[in-house]
Every structure is written in C-alpha cells, then in structure tokens.
Amino acid sequence: MIETPSLVDQHCHGVLRTELGLGTFEAHLGRGEGPPAPGTTFFDTQTGFAVRRWCPPLLGLEPHCPPARYLARRRELGVLEAGRRLLRGSGITTYLVDTGLPGDLTGPGELASTGAAQAREIVRLELLAEQVADTSGTVDSFLANLAESVHGAAHGAVAFTSVAGVRAGEALACEPPGPGEVRGAAGRWLAGRQVGGELADPVLLRHLLWIAVASGLPLQLHTGAADPQCSFGDFARATAGLGTDLVLLHGYPHHRAAAHLAGVFPHVYADLGSALVRTGARAAAVLAEILELAPFGKLLFSSGAQGLPELHVVGAQLFREALGRVLGTWVAEGAWSLTDAQRVAGLIAAGNARRVYGLVGD
Amino acid sequence: MIETPSLVDQHCHGVLRTELGLGTFEAHLGRGEGPPAPGTTFFDTQTGFAVRRWCPPLLGLEPHCPPARYLARRRELGVLEAGRRLLRGSGITTYLVDTGLPGDLTGPGELASTGAAQAREIVRLELLAEQVADTSGTVDSFLANLAESVHGAAHGAVAFTSVAGVRAGEALACEPPGPGEVRGAAGRWLAGRQVGGELADPVLLRHLLWIAVASGLPLQLHTGAADPQCSFGDFARATAGLGTDLVLLHGYPHHRAAAHLAGVFPHVYADLGSALVRTGARAAAVLAEILELAPFGKLLFSSGAQGLPELHVVGAQLFREALGRVLGTWVAEGAWSLTDAQRVAGLIAAGNARRVYGLVGD
Amino acid sequence: MIETPSLVDQHCHGVLRTELGLGTFEAHLGRGEGPPAPGTTFFDTQTGFAVRRWCPPLLGLEPHCPPARYLARRRELGVLEAGRRLLRGSGITTYLVDTGLPGDLTGPGELASTGAAQAREIVRLELLAEQVADTSGTVDSFLANLAESVHGAAHGAVAFTSVAGVRAGEALACEPPGPGEVRGAAGRWLAGRQVGGELADPVLLRHLLWIAVASGLPLQLHTGAADPQCSFGDFARATAGLGTDLVLLHGYPHHRAAAHLAGVFPHVYADLGSALVRTGARAAAVLAEILELAPFGKLLFSSGAQGLPELHVVGAQLFREALGRVLGTWVAEGAWSLTDAQRVAGLIAAGNARRVYGLVGD
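Thresholds applied
Residues numbered from 1 in each chain as written. Chains lettered and ligands numbered in written order. Predicted model: local features only at pLDDT ≥ 70, side-chain atom pairs only at ≥ 80, totals over all residues. Heavy atoms only, no water. Least-squares fit on C-alpha atoms with pLDDT ≥ 70 in both. Buried < 20%, exposed > 50% of the residue type's maximum accessible area, 1.4 Å probe, protein only. Helix = DSSP H or I, 4+ residues; strand = E, 2+ residues; numbered from the N terminus. Pairing = 2+ DSSP bridges. Axes fitted to C-alpha atoms, helices over the stretch in contact; angles between N-to-C directions. Parallel < 35°, antiparallel > 145°, perpendicular 65-115°, else oblique. Contact = heavy atoms within 4.5 Å. Nonpolar A, V, L, I, M, F, W, Y, C, P; charged D, E, K, R; others polar. Phe/Tyr/Trp six-rings, centres within 6.5 Å; stacked < 30°, edge-to-face > 60°. Lys NZ or Arg CZ within 6 Å of the ring centre and 35° of its normal. Buried area = accessible area lost by both parts, 1.4 Å probe. Salt bridge = Lys/Arg side-chain N within 4 Å of Asp/Glu carboxyl O. Polar contact = N/O pair within 3.5 Å; in protein donor to acceptor, adjacent residues only side chain to side chain. pLDDT = per-residue confidence, 0-100.

Draft legend 1. Representation of the relation of the copies chain A and chain B. Expressed as a screw transformation, the operator carrying chain A onto chain B has a rotation angle of 120° and an axial translation of 0.0 Å, and the superposed copies differ by an RMSD of 0.0 Å. On the angle and the small slide along the axis, the relation comes out as a three-fold axis.

So this is what it looks like as structure tokens:
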C-alpha cells in the first residue's frame, strides 16, 4: 500500500458561501463556454460521475445517488456543515489558495478553518494590476504602485499566478518590454479603462510577468489550451537560471508536453491536479502518462478546485487512488522498489510543494 | 454486461459493387499516399488484423485465416452475398451515408436493403458545389444555384459534410467572405475549371461552409491531420449560438483535443468511429481516452467505413467490444454505477445521434 | 511467449571510455538543458529507475540497489569489464552506431568487440560538413568536397543521420536551395567560422539534406520536440518516390504523429527506442500507442543510447519486455493470432532494420 499522509493542494480556490440549486451546482461541473447542449447535462461527464462517486458518502448517502437527491441532502445540512464534512473528508492538509477569481468565495483563512487544515495565499498578478489601476491617477503612479504592490505581495504570499498566457499568448515573450513601450501601453490602457476593467494588453501582461520573475517567488502559469511546448518553451529558456521557479498549470491534454518541459528546464515544474478532476475514472491512466517524462521531484499535486468543496474532495480522492494504483502496479511488476514508490508518492503529494514554496512549518 | 441493441453509424460510405482481388482489397486497408512500402503489406496493420479477426467467421471461416484464403471465400460467395452477410453481421441498425466519394459505391437505399437496416443521406458540400458548377453558365447563375442547391439538399438529407478544412485550412475562418470576394473567386474558379474539376478555392470553400451553417442542418467537418484546437477553435467560437451543430470527424491522433472542444462548445460534437477502426486491438484504450474530456452526450459512434463492408463490421465490432470493456471495468472498479454505464452506452451507440440528427422514427 | 532472438539497435552511439563518478553518471540520465533542480536528482526519473532495475543484476548486485552502491561496483569491475558485462547482457546482436557525437566515445568496431555483436556506422551529415569545412580553402572546394564526402560516406555507412530539423526547422523544406543561394550561404558561413564551428545555417543544412537524399542511403532524421506532422510533413511529401527511405527518430511525446506519418508515406519509417528508455515502467503503454497507427513493417527498434552502456541495456530490456507484454495480451484476448504476433515481433526487433539498411549478412 502506497500511503500519502500529507497532501498539499498547491493550486485551488475558495468555495461558494451560498446554498446552491441543481443548475448552479451543475454549471460548476462544466468547463465550457456556455450551458450544456440541449438534451445533455454536465453531470454526464467524468467530473460529474466522480463527484457522485466520492461525495455522497461524506454526507451520509450512497455513492452514485441521483444528483437531485444529493443536492437535497446538501441543502438539508446547510452549506457550512456540508462544506465542513466535505473539506475535512478530502484529506488535504494544506491549501495554497489562488484568490484571484471573482465571486463570493472563501479566502485562505476560512478555507483553513472549515477544512481543519493549513492555508496560504497565491496572488493573481492580473487582478493585482487591475486593483492598482483602480486607485492610481497617472501612468507614473500606476507603474510605481504596480512594482511596489508586486514586491509587497511577494512577502505575504507563497506564489504568484498568472493567466497572461491565456489572455494573450504573445505575453510569454523572451524578454521584458522596454520602459517606453510599457509607458505607452499603460497610458492607452488606463485612458480607455473603466473601474474594474480587465487587463488584456500583451505589453502590460508581459511587463507584469517579468516584475514577478524578478521577485523570486514561484510563478504559476495557466497554460491555456495550447501545446506548452510551442507557447511556453521560449519563456522557459529566457527565465532559466534567474532563480525563480515556474509551475505549469492545467497542462491536460498536453500534459506530456508539460512533463517534458519539467524534465528539460531545472526551474520548470508541472502541476497535475485538474487533469485528474477532469478525467475521473481515467485519472490513473492520465497520472501514469504524466509520470513518463516528468522527473519525480518536479511534479506537484493540486485539485484546481473552485467554488464547490466537492471538487477539492474529488481532486484529492482521485489523486490518492490513482497514485496508489499506478505506483502499486509498478512495484508489483518489479519495475520500482516499494521504498522508492513510497518516497516518490510523498514527494508528489507534499514534499515537492514544501520545498518549492518553502512551507517549512507546515 | 453493457448492451447496445441499436447502433447508428453516423458517418460511413457505401461499398464497392465489384468483385475484388487481393491488391484492391489491400489498398482499401491503407490510409496512405501511395502503395505499401516494398516488402510490407497493409494487411500488417491494426486494421488488417482486425478485419482478419472479425470477418472470416461471418463468411464461415476461422478468425485470422490468411488473406488469400479469405478473399477466395469472398469471391466464392460473390460480392452481393458476402456484403449481405457482413453488413447484417455488423449489428448496425441505421447508416448515415456520406455520398460524396467518387467510385462505384452503393447509395443509402442499397446499403439499407443489403444490411437490413435504415439509411439516410449525408450530402458532401464540395461535391454539390462541383456539380452545380458543371451545370451553371455564369458566375451569377452558379452562385444562385449553389445557394438553392444547399437549401434544397437540406430538406432530404440528415446532415452536410465538408472537407474544406482538409483542402484549405484557412477556409475555417471566423466569418463568411464578402459578396465581392465570393464573386471574384467564383469567376476565377469557373474560368479555369474543366467539367468535374475539384473545388479547392479557400474563399468558395468558406462561402459554402457559411451557407451550410445558415441551413441549420448538422455539419460534419473532416478535421484532417492537424490539431483541431488550432485549426478549428476559431470557427467553433464564431458559429456558437447560431443553432447549427458541428460534428468533428476523424480526430485521431488528436482525439483528446476533439473531445476537449466537444466539452467547451455546446454545439460541437465528436465522432469516434475511424479512431477505432484504425487502431484495432487498441480500440478500447483509444475510446477510454476520448471518454476523458467529452461530455457523454456529445460523442457519436461511427465506422467511417468506405468501400469494404468489412470496415463497417470492424467499426461496429471494435466499438461494441471496446465500450463493453471500458465501461465494464469502470463499473467493476466502482467508479461508475451500472445504471449510468448502460445509459451512457446507449447514448453513444445511438441516442446522441438520434437527438442530433432528428432520427425520430428510426 | 513472444521471442526476439535477434535485436538490431538501429540508432545508438558509443560508450564512454573513462571511469565515471556519481555526478557524471547522473548527468547522462537527464535530458535537460541544465543540472537537476536543487533538491532533486536525475536518478528520480523513469530512466533512472529502469537503470537501477535492469543493470545491477548484470554486475552481480540486487535490482534497485542505491546508485552509490552501483557506481562503486562499476568502478570495482573497471569501465571495460563493466561495459562488457552490460553490453553482452543486453541481447543486442547488431548495433548501428551514429558516430557524430562529440566526446571520447567508442566507435562501431570497439562497440562490436565489447558487446560480442555486429556493428555498422551511421554518418552524421552535419559533422561531415564541419569536417569538410575544416579542410577546404575556398567556397568552390568546400562545395565540391562536401558532395564527394557525402557520396564517399554512402559507400561505407548503412545510413545518414541529420539534426537539421533540430538546428533549423526551416531546413526541412520542399526543395533543395538553388546553386547561387548555396554558394552565398557557404561563403558567409566559411568566412565567419572558426575551425570546429557548428553548422546551423538553414540553407546549407537544406543543401546537405538534399545531397543525402540523392545518395539513396536511408536518412535518419532527429525530429526535435516539435510535432513531426507540422515540421516534417512537407519534406516527406517532397521526397516521396525518390527511392530514399526516411527514418523519424525520437518522436516521443509525438510518437503517434510519427506513427501516422509512417502509415501515410511509403518511404517513411518510425523509430521507437528512446521513447521506451525515457518512459521506463511505462514502456509497454507507449509501445502500444506507437503500434496503433504504424504499419508493422515500418517500425524499428533502437535504444538511442549514448555514453552509458546501461542505456543500451535498458533500451533492449524494456523493448523486449514491453513487446512481449503488449503482443502477448493481444494474443490472449484473441485480437491477434500467435503466429502473427511472433512474426511482427521479429520484424520490429530486427527484420525491418535488416530490410531497410540492407544488412544481408548480419
């Protein structure tokens, strides 16, 4: 038996504070740009089936009970009690919480107390820049405040995260933009912007990334749907040796390319959480693929969960089961020793994250 | 046991009417731009081995008997009787037949009577345009006749299919070309064209796609060998919400990207047939990969067969065996309930196709 | 049981002649652009674990013993005796040796005698061109000597290999450069070059590839990290029918695309060695994926090993075990006949390489 007593969820979000109807709950199971197609439901996905497998027992129901029955029980317990039972049943001991999503989500402190676990904050760069823009009167003050905010955030947080690669692929360029270019872009963006307006300017996104790289804090990058080999290889090469670690999020279905990059560049790491949550019954198969190329010291567990504590549960349960099955099979076949397998399991579940994020006391 | 009593083959072609020698038969097993390499044969492929596994018993022979023995028996029975035994042994209950391939292939009616099944027509857009060009004297009459033909075809057919993405990737653009651009392209194409000449002009292909989108009939798109994420993502985004469903054909080896798109866009569906026929003994593994990301209401069985009824047989047998094995394993592991597995099997085998193509009476 | 009595390693390199410390040995297990990340080691990879599984028993130790223990035993035996035990334990009967790597590596003759096997040379085009440049005084003599050297090398070697696709992707173009273009590029390169300087000029790389194509000798192409569908498809189409075979090396993680191309083009072959060495405990799964699309007459075993005889051992052992497991399973399931499985195993292990490289007497 492969054991993982500690589990550091190295990238997740908070959970919703309000009671949920069937439709809102279902919407959080989809990954799409719209509602389910007519005649279909997001419950009919690997994520939906995995939620129905793992979560009902934590609320006292049979696995695979109908969604309406599960939601009724969830409301009966209340969102707080249901959340407590789910998060505490997940086995996650430390949450690293990306606080950059909109919506009424619990923060790190509340997640920690509800889940009886540790929690630390991950700061999303784009949201930080938008907040700075909301309170800065001029281009000069915006740029000065931006640099100060990033460096200030680096003290309290364990990592930065960025969606620059998703908003504008060209932001992942080989070098920072020049000062004049940055000033011009800032002027145009601030002039055309309403309070709360989203940062999608490639030059400013690039500027922001390179400020973050200079901070030395690990930087988590959302890779979007593109092959990270193409979209990310040059940025990885340009940032090698600068002392800042990069963590590739959400590689699936390009998880093998992400694993390859983690093998090529000393400062690049691969996340595996959401690949498992999205593929459910296939989690062991997908995990095995990631374990082909990634050095075992370069892989980090996460749930990638947002909004529903059910997704934290599913991320953790699928990971533990998949890891036990994959490594257990290799031990049984004689390909790995049991000692090595247990050591590697501990690295992926918690040890690598502790080392990369400096979670000394956790 | 997972059962699939009905089987709608949502994309296939007719079968050859003539007796076949070993060489012609072998040529239909290849997917290449040329003959087999010296010293090799297309029988030594997963498709070749799958045909030798599943088809000889339907003609009274042992599985895996030598190709020459099989072909001799086939000729002994005659092409009609062999076709009848094979198609009726496939278990396919409805064929949706793309009639746009050249060659002396049976149409939907003949396929239905030979196979004791239902059949409906899928109209290939490019062939339709080429036929309109053969009979139109001027640019004006060509463009008017084209629009009329597409809308006319939409009444009798269950779907359109297009190879625009294979002939000219840029045809899958975000918006229809302007009227002047279309007139210019039509003039140039008609002026340089012989009767029967192939349509490969990107502007006209694009024009044709957007006429078809306007018809509201489901549109099947051959994706070619490129990653559909790159080649097809923009077209999917541009056609979202217009009320026309898109079905991605032949995603393999990019089947995971196709499944991902089916999860992202409500109007996008993924076909799985030819991925199984091409991979034979690996069909269950490939099917399992497709089932990672695609919502279960967005996947459609097909054989993709053309020319040889053996390919309809192999497509259906591999699908049924693979589906039973994959879903059966998940039920045995407790990841899925048996009820859910049976329901999902019915959706992929027939239910989704009935809903998308409106096959009410079949 | 699937047997492979002969094993032709169709692409490998020589081994180091000097005693190795732990750090140097470890460096040869990585594939990266730098050292292992702080706190990690390249022993914690599939390749590292596979070496620890297969090699200690050949030196009289327990599988999975600690790296330091293994290295101590290796030094105790001496590099010559350890190399002899390892290579002779690999089961490889013929080595095709790419002699184009820098460093003090054994050549084909020494590899053959150490391993009690046959060996033949593969000539690396870029090194040949660099050597010609070192001894040619003028552009005219360089170009004449280059053509002569390639044609001369074609007599003694069994194949050419090229890293043009890795050094400059655009070198894999559809046609040779014109004479004026070549003369200009040669003049610029020679003028700016020191003795031993590397050839990375796209025009000269392209010129070199097309000279090699004209020689008729099989040409092995390093595909780099890009999807070969994109980077290599046009070159394959342009060289079809010219009578020269192309062998795609190192397709992983794009091995399915490489297998696809081997199915599409009669003159294109796929190599599978390094995919297995890099993925270790997953070798059977990766081999099975390659066997989906590649015609069985188009796949060639190799170890891709360089520097450490341990990598030749691991390449051969993983291949034999993976092949036995994958084909054995298909036979047990009834998907393949045992006769076919044994025949295909013989083709991939040795028969295809003998045919492609004309290894008549081996």
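Draft legend 2. Molecular detail of the pairing of strand S5 (residues 219-222) of chain C. Residues and elements named next belong to chain C. Side chains Leu219 and Leu221 project from S5 onto one buried face, and the interleaved Gln220 and His222 project onto a second face that is buried too. Bridge count between strand S4 (residues 159-162) and S5: three bridges; the pairing is parallel. What sits directly across from Ser162, in S5, is Leu221. As paired elements, S5 and strand S6 (residues 246-249) share four bridges and run parallel to each other. The residue bridging Gln220 from the neighbouring strand is Val247, located in S6.

Draft legend 3. Molecular detail of the packing of helix H3 (residues 67-77) of chain B against helix H4 (residues 79-89) of chain B. All names here are of chain B. One can describe the packing of H3 onto H4 by two numbers: an axis separation of 5 Å at closest approach and a directional angle of 110°. Considered as vectors, H3 and H4 are oriented roughly perpendicular to each other. Of H4, the residues touching H3 (which contributes Tyr70, Arg73, Arg74 and Leu77) are Val79, Glu81, Ala82, Arg85 and Leu86. Looking at the contact of H3 with H4 residue by residue, the class counts come to five nonpolar, no polar and four charged.

Draft legend 4. Summary view of the relation of the copies chain C and chain B. When chain C is fitted to chain B, the residual RMSD is 0.0 Å, and the transformation amounts to a turn of 120° plus an axial shift of 0.1 Å. When you check the interface residues of chain C against chain B, a mere 3% turn up at the interface there too, and the two sides of the contact use different surfaces.

Draft legend 5. Unusual backbone geometry, seen in detail. A positive phi angle, close to 70°, is found at His64 of chain A, a residue other than glycine. For His64 of chain A, the location among the structural elements is in the loop between helix H2 (46-54) and helix H3 (67-77). For His64 of chain A, a relative accessible area of 14% translates into the label buried. At Ala116 of chain B, a residue that is not glycine, the phi angle is positive and equals roughly 50°. Within the secondary structure, Ala116 of chain B is located in the loop between helix H5 (108-115) and strand S3 (118-124). By relative accessible area, Ala116 of chain B is classed as exposed at 57%.

Draft legend 6. Quick peek at the packing of aromatic side chains. Following the criterion strictly, the structure yields 30 aromatic pairs over all chains and no others. An angle of 50° between the planes, with centres 5.0 Å apart, marks the rings of Phe296 of chain B and Trp336 of chain B as tilted. Residue Phe296 of chain B is located in the loop between helix H14 (283-293) and strand S8 (299-300), and its partner Trp336 of chain B is located in the loop between helix H15 (309-333) and helix H16 (338-357); the two are separated by 40 residues in the primary sequence. Three or more aromatic residues joined by ring pairs make a cluster, and in this case those are Phe49 of chain A together with Phe296, Trp330 and Trp336 of chain B. Geometry around Tyr269 of chain A places Lys298 of chain A over its ring, the cationic atom sitting 4.9 Å from the centre. Directly above the aromatic system of Phe49 of chain B lies the positively charged group of Arg52 of chain B, at a separation of 5.5 Å from the ring centroid.

Draft legend 7. Examining the interface of chain C and chain B more closely. At the interface, 30 residues of chain C touch 28 residues of chain B. Here chain C and chain B share an interface that buries about 2,500 Å² over both sides, 52% of which is from carbon and sulfur atoms. At the surface where chain C touches chain B, the tally comes to five salt bridges. Where Asp340 of chain C meets Arg52 of chain B, a salt bridge forms, and the shortest distance between an N and an O atom there is 2.9 Å.

Draft legend 8. Spotlight on the interface of chain A and chain B. Listed per partner, the contact involves 28 residues of chain A and 30 residues of chain B. Where chain A abuts chain B, roughly 2,500 Å² becomes buried across the two surfaces, and 52% of that area is made up of carbon and sulfur atoms. When the area that chain A buries against chain B is broken down by residue, the three leading residues are Glu33, Phe49 and Arg282 of chain A, summing to 22%. Linking chain A with chain B are five salt bridges. With its nearest N and O atoms 2.9 Å apart, the salt bridge here joins Arg256 of chain B to Glu289 of chain A. Connecting chain A to chain B are 14 residue pairs in polar contact (both at pLDDT 80 or more). Looking at the side of chain A that touches chain B, the elements with two or more residues in it are H2, helix H13 (273-279) and helix H14 (283-293) of chain A. In terms of residue count, H2 of chain A provides more of the side of chain A that touches chain B than any other element does, four residues in total. A per-class count over the side of chain A that touches chain B returns nine nonpolar, 10 polar and nine charged.

Draft legend 9. Highlighting the confidence of the model for chain A. Looking at chain A as a whole, the pLDDT averages 94, with 98% of positions reaching at least 70. Scoring the predicted complex yields pTM 0.96 and, for the interface, ipTM 0.94.

Draft legend 10. Structural detail: the environment of Val247 of chain A. Residues and elements named next belong to chain A. Within the element layout of this structure, Val247 appears in strand S6 (residues 246-249). Between the C-alpha atom of Val247 and that of Ile211, which follows or precedes it by 36 residues, the distance is 16 Å. Setting aside its immediate chain neighbours within four residues, Val247 contacts Gln10, Leu219, Gln220, Leu221, Tyr269, Asp271, Leu300 and Tyr357.

Draft legend 11. Representation of the pattern of salt bridges within the structure. For the coordinates displayed, the defined rule picks out 63 salt bridges over all chains. Between Glu292 of chain C and Arg282 of chain B there is a salt bridge, and its shortest N-O distance comes to 2.8 Å. Of this pair, Glu292 of chain C sits in helix H14 (residues 283-293) while Arg282 of chain B is found in the loop between helix H13 (273-279) and H14, placing the two residues in two different chains. Across the pair, Arg282 of chain B and Glu292 of chain C agree in class, each one buried. By sharing partners, the salt bridges in this structure join Asp44 and Arg52 of chain A together with Asp340 and Arg343 of chain B into a single network.

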